[in-house]
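# Examination of the molecular architecture
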Amino acid sequence: MTKEEVLQKVRLIITKHFDVEEDKVVETLNIKDDLGADSISIMEFVLELEDEFGTEISDEDAEKIETVGAAVDYISSHQ
């Protein structure tokens, strides 16, 4: 899967999970600061990433995923 394909899937997850318009979901978007996500929302988002991409994300790695780009990079490098 290409990085662009991963980005598209991550975008869809974010638009559904955080009820935000797709065109606002860019790689620099900060999940906590820009979307106002709390720790529970972030963990639910990580679980959705794991389900969608069939990968497991450790709690330590999940804490490092602060932006859309970081999520895409992580998924791309762990497939």
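The structure under discussion appears in the preceding block.
The following paragraphs examine the structure supplied in this document. Just so we're clear, the structure is a prediction, and the values are computed from it rather than from any experiment. (Residues numbered from 1 in each chain as written. Predicted model: local features only at pLDDT ≥ 70, side-chain atom pairs only at ≥ 80, totals over all residues. Heavy atoms only, no water.)

## Side note on the pattern of salt bridges
Under the defined criterion, the tally for this structure stands at 3 salt bridges. Lys3 is paired through a salt bridge with Asp73; the nearest N and O atoms lie 2.7 Å apart. Of this pair, Lys3 sits in helix α1 (residues 3-18) while Asp73 sits in helix α4 (residues 68-77), and the two are 70 residues apart along the sequence. What makes Asp73 partly exposed here is its relative accessible area of 37%. Close ionic contact of Glu60 with Lys64 constitutes a salt bridge, the shortest N to O distance being 3.9 Å. (Salt bridge = Lys/Arg side-chain N within 4 Å of Asp/Glu carboxyl O. Helix = DSSP H or I, 4+ residues; strand = E, 2+ residues; numbered from the N terminus. Buried < 20%, exposed > 50% of the residue type's maximum accessible area, 1.4 Å probe, protein only.)

## Regarding the packing of aromatic side chains
For any pair of aromatic rings, geometry is given as the distance between the ring centres together with the angle between the planes. Scanning the entire structure with this criterion turns up 1 aromatic pair. Arranged with centres 6.0 Å apart and planes meeting at 55 degrees, the rings of Phe18 and Phe45 form a pair that is tilted. Note that Phe18 is positioned in helix α1 and Phe45 in helix α2 (residues 39-53), a separation of 27 residues in sequence. Phe45 carries the same exposure label as Phe18, and that label is buried. (Phe/Tyr/Trp six-rings, centres within 6.5 Å; stacked < 30°, edge-to-face > 60°.)

## Brief notes about the side chain of Thr55
With respect to the secondary-structure elements, Thr55 resides in the loop between α2 and α3 (59-64). Using a relative accessible area of 17% as the deciding quantity, one classes Thr55 as buried. The residues contacting Thr55, other than those within four sequence positions of it, are Glu50, Ile75 and His78. (Contact = heavy atoms within 4.5 Å.)

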